[in-house]
Amino acid sequence: MPQDEVDPPPAEVPAEEVPLDPRSIARASLAAGRNRSLWWTMSGIVVSVGVAFLTDAVVGSYVLALLLVASAVVRAVTPAPGPVAVSVRSKPLDVAVLATGALALAVLASVLPPA
């Protein structure tokens, strides 16, 4: 290629418009076991289930609601793209869904009859 026919540098393409590569998706799913946010989230769920079995469902539900609040705070304060376990859509939507879920779970736990 002659020197005067150099291709111009590619323009910045937003991440939403980049075509998906199935191989990179497969590699990312295989690397999920090394992702700490998935382990922290799963550990929190296991702890809340364990607390529910050891004490009662009300306390276990509050622990799960606390996990949702912590996930909402982490998603709100970390820069993009954020932790894999709690980054699904846009940051405001993720935070709203996690906070609403925590509030709903806490309200439902408060109306549960004690064991």
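Residue positions within a chain follow its written sequence, with the count starting from 1. Given that this is a predicted model, residues contribute local features only at a pLDDT of at least 70 and side-chain atom pairs are listed and counted only at 80 or more, while totals for whole chains, interfaces and linings are drawn from all residues. For side-chain calculations, the full set of non-hydrogen atoms in the structure is used, while hydrogens and water are omitted.

## A few points about the UniProt feature "transmembrane region" (unreviewed entry) in the protein
UniProt positions are given in the numbering used here, feature names are shortened, and annotations may be inferred rather than shown by experiment. Here the UniProt feature "transmembrane region" (unreviewed entry) sits at residues 37-55, 61-81 and 93-112. Secondary structure elements are defined from DSSP: runs of H or I of at least 4 residues count as helices, runs of E of at least 2 residues count as strands, and each element is numbered from the N terminus. Taken end to end, residues 37-55 is 95% helix and 0% strand, and its first and last C-alpha atoms sit 27 Å apart. From the first C-alpha to the last, residues 61-81 spans 29 Å; its make-up is 81% helix and 0% strand.

## Remarks on the layout of surface pockets
Picture a little ball the size of a water molecule; that probe, rolled over the atoms, points out where space is still empty. Computed from the structure, the largest pocket encloses a volume of approximately 160 Å³. Around the largest pocket, the lining residues are Thr41, Ile45, Leu67, Leu68, Ser71, Ala85, Val86, Val88, Leu93, Asp94, Val97 and Leu98. Only helix H2 (36-54), helix H3 (57-77) and helix H4 (91-111) provide two or more residues apiece to the lining of the largest pocket. Among the elements that line the lining of the largest pocket, the one with the most residues is H4, at 4 residues. When residues are sorted by character, Ala, Val, Leu, Ile, Met, Phe, Trp, Tyr, Cys and Pro go into the nonpolar class, Asp, Glu, Lys and Arg into the charged class, and all the rest, Gly among them, into the polar class. A per-class count over the lining of the largest pocket returns 9 nonpolar, 2 polar and 1 charged. Using only the protein atoms, space was sampled on a 1 Å grid; points where a 1.4 Å probe fits but cannot get out form cavities, open sets with protein on both sides within 12 Å along at least five of seven lines form pockets, and lining residues are those with an atom within 4 Å of a point. Grid points are joined across faces, edges and corners, and a volume is the space filled by probe spheres set on the points.

## Digging into H4
An α-helix turns once per 3.6 residues; consequently, residues spaced three or four apart project the same way. Helices are assigned an expected span. That span is 1.5 Å times one less than the residue count. The terminal C-alpha atoms of H4, which comprises 21 residues, lie 31 Å apart, in line with the 30 Å expected from a rise of 1.5 Å per residue. The complete set of buried residues in H4 reads Asp94, Leu98, Ala102 and Ala109. Axial view of H4: buried residues confined to an arc of 60°, hence all on one face. Opposite the packed face of H4, turned more than 90 degrees from it, sit the exposed residues Pro92, Val97, Thr100, Leu103, Leu108 and Val111. Contacts are assigned to residue pairs that have any heavy atoms within 4.5 Å of one another. Those residues of H4 that are buried lie in contact with H3. Burial classes: relative accessible area under 20% of the type maximum marks a residue as buried, over 50% as exposed, and values in between as partly exposed (1.4 Å probe, protein chains only). The directions considered for the arc are those from the helix axis to the C-beta atoms.

## A look at the packing of H2 against H3
Lines fitted to C-alpha atoms define the axes here, with helix axes fitted over just the stretch in contact, and angles between the N-to-C directions of these axes take values from 0 to 180 degrees. Look at H2 against H3: their axes get within 7 Å of each other, and the N-to-C directions meet at 165°. Looking at the two axes, H2 sits roughly antiparallel to H3. As H2 packs across H3, the resulting crossing turns out to be right-handed. For the pair formed by H2 and H3, the contact residues are Thr41, Gly44, Ile45, Val47, Ser48, Val51 and Ala52 on the first element and Ala57, Val59, Gly60, Val63, Leu64 and Leu67 on the second. Split into classes, the residues belonging to the contact of H2 with H3 amount to 9 nonpolar, 4 polar and no charged. Angles below 35 degrees are treated as roughly parallel, those above 145 as roughly antiparallel, those between 65 and 115 as roughly perpendicular, and all remaining angles as oblique. Each helix crossing is assigned a hand: it is left-handed if the near helix lies turned anticlockwise from the far helix by less than a right angle, otherwise right-handed if that turn is clockwise.

## So, the pattern of salt bridges
When the charged atoms of two side chains with opposite charge come close together, those side chains can pair. Salt bridge, as used here: a side-chain nitrogen of Lys or Arg that lies within 4 Å of a carboxyl oxygen of Asp or Glu. For the coordinates displayed, the defined rule picks out 1 salt bridge. For Asp94, the salt bridge identified is with Arg75, shortest N-O distance 2.9 Å. A residue pair is termed long-range when its members are at least 10 positions apart, and Asp94 in helix H4 and Arg75 in helix H3 qualify at 19 residues. Under the relative-accessibility criterion, Asp94 is labelled buried at 8%.

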